[in-house]
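# Understanding the architecture of this molecule
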Amino acid sequence: MSYFEITEPVFGTYVIRNARLKQLATGFDWVEGPVWFGDANCLLFSDIPSNRIMRWTPGEGVTVYRAPSNFANGHTRDREGRLVSCEHGARRVSRTEHDGSLTVIADSFQGKRLNSPNDVVVKSDGTIWFSDPHYGIVSNYEGHESAQELPCHVYRVDPASGQMDAMVTDAACPNGLAFSPDESRFYMADTGRRFCDDPTHIRVFDVKADGSLGGGGIFHVVTPGKSDGFRLDSDGNIWTSAADGVHCIAPDGRLLGKILVPELVSNVCFGGRAKHVLFITATTSVYSVALNRIGVQRP
Ligand code: MG
């Protein structure tokens, strides 16, 4: 049975028809935040309700990388290859130094505690951009139930100076984030407030020369489901989570095709020897599939 759904013919050239959708590991509660370490040939990902970060290596399978993880969610790497993590439980963004120690990147804004940082991306200038929805503090499932002190914004932090700015302030609940390959565009998923009937879509912003954002219109409405997290390939196509699998969206907003996954997908990342493998976190399992695409190459 094919697990590809080709909407536009070009998608047929993006997939490899005899490549399997592999279930790499299963038995988790809710997996998220995949990040590839090519230098260590491993994938890290969060099992959020289990309060741990897992490590998967070809041939060795899964081991615990960090527990407790402060209910870590999304991860990325900075320009020096260090792990940058969103932590629901500590309501902060942290960086893991090369010696293993943790540095707090941000835990408050204008004297108030962050909500529960969810997903994070690093721009080529070293600034760290993260979303701060309330999902990690509305119950004890993915963090600690506690009072919300700030609206749900997207922030930018310059770790060199400590300067922190709210970049998107009109979202319901910002979630996945990514830049286009040339960083002229910034994409942000809005997955809506918990227990509310908010719209769910991906928005696109223009990144201006002075670093501020313009535009912000609706780029694509994901259906079925939501775009929790996404990554871009080297041509700027968006590979996003959805309720029925992974959707591939062209830079002009058209749905090109789908990879159908048997569990609800939360996020994806490119990795493997040539960044040609898409790793997929989906509810209780992690999957992979080789593609005829490679992940975005940072300038
Ligand atoms: Mg997310």
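See above for the structure.
Note that the structure is a prediction, hence the values are computed from the model and not measured.

Moving on, we come to the sheet that holds strand β2 (residues 22–26). Strands sit in the order β2-β27-β26-β25 across an open sheet of four strands; the sheet is antiparallel. Taken across any chain shown, the strands that pair with only one partner, and hence form the sheet edges, are β2 and β25 (267–271). Put simply, the sheet's adjacent strands are angled 25° from each other on average, direction ignored. Here β25 pairs with strand β26 (residues 277–282) via five bridges, running antiparallel. What sits directly across from F270, in β26, is L278.

Before going further, it helps to examine the nonpolar core. W239, V246, I259, V261, L278 and I280 are the most contacted members of the largest nonpolar core, which has 23 residues in total. At the level of elements, β23 (245–249), β24 (255–260), β25, β26 and β27 (285–290) are the ones that each hand at least two residues to this core. For this core, the element with the most residues is β26, which contributes three residues. By size, the runner-up hydrophobic cluster in this structure holds 15 residues, among which are V84, V93, I105 and V157.

Moving on, we get to the side chain of R82. By the element assignment, R82 lies in the loop between β7 (72–77) and β8 (83–87). Within polar-contact distance, the side chain of R82 engages the side chain of E80 at 3.3 Å. At a separation of 3.0 Å, a polar atom in the side chain of R82 contacts the side chain of E97. Excluding anything up to four places from it in sequence, R82 contacts T76, R77, R95, T96, E97 and H98.

Looking now at the pairing of β25. The buried count for β25 comes to five of five residues, which makes it a mostly enclosed element. The two faces of β25 match: N267, C269 and G271 on one face and V268 and F270 on the other face are all buried. Taking the residues between adjacent antiparallel strands as the criterion, β25 and β26 are bridged by five residues, where G272 takes a positive phi near 85°.

Under the criterion given, the structure shown has 15 aromatic pairs. Summarising the aromatic geometry, the rings of F186 and F205 are spaced 6.1 Å apart at their centres and angled 45° between planes, so their arrangement reads as tilted. One end of the pair, F186, is in strand β18 (residues 185–190); the other, F205, is in strand β19 (residues 201–207), and 19 residues separate them in sequence. You'll find F186 and F205 in the same group, each marked buried.

Here D125 is to be found in the loop between β13 (120–122) and β14 (128–131). Residues D125 and D78, spaced 47 residues apart in sequence, show a C-alpha to C-alpha distance of 9.9 Å. Side-chain polar atoms of D125 contact the side chain of T127, separated by 2.6 Å.

The strand order across the open sheet formed by four strands is β3-β4-β5-β6, and the pairing between neighbours is antiparallel. The outermost strands of the open sheet, each flanked by one partner alone, are β3 (31–37) and β6 (61–66). On average, adjacent strands in this sheet sit at an angle of 30° to one another, irrespective of strand direction.

Following the criterion strictly, the structure yields 17 salt bridges and no others. Where R82 meets D78, a salt bridge forms, and the shortest distance between an N and an O atom there is 2.9 Å. Accessibility expressed as a relative area gives 13% for R82, which makes it buried. According to the relative accessible area criterion, D78 is buried, its value standing at 11%. In this structure, D252 and R254 form a salt bridge, with 3.0 Å as the shortest nitrogen-oxygen distance. Here D252 falls in the exposed class, since its relative accessible area comes to 54%. With a relative accessible area of 39%, R254 lands in the partly exposed category.

Scoring rules and cut-offs
Residues numbered from 1 in each chain as written. Predicted model: local features only at pLDDT ≥ 70, side-chain atom pairs only at ≥ 80, totals over all residues. Heavy atoms only, no water. Pairing = 2+ DSSP bridges. Helix = DSSP H or I, 4+ residues; strand = E, 2+ residues; numbered from the N terminus. Axes fitted to C-alpha atoms, helices over the stretch in contact; angles between N-to-C directions. Core = buried A, V, L, I, M, F, W, Y, C linked by side-chain atoms within 4.5 Å. Buried < 20%, exposed > 50% of the residue type's maximum accessible area, 1.4 Å probe, protein only. Polar contact = N/O pair within 3.5 Å; in protein donor to acceptor, adjacent residues only side chain to side chain. Contact = heavy atoms within 4.5 Å. Phe/Tyr/Trp six-rings, centres within 6.5 Å; stacked < 30°, edge-to-face > 60°. Salt bridge = Lys/Arg side-chain N within 4 Å of Asp/Glu carboxyl O.

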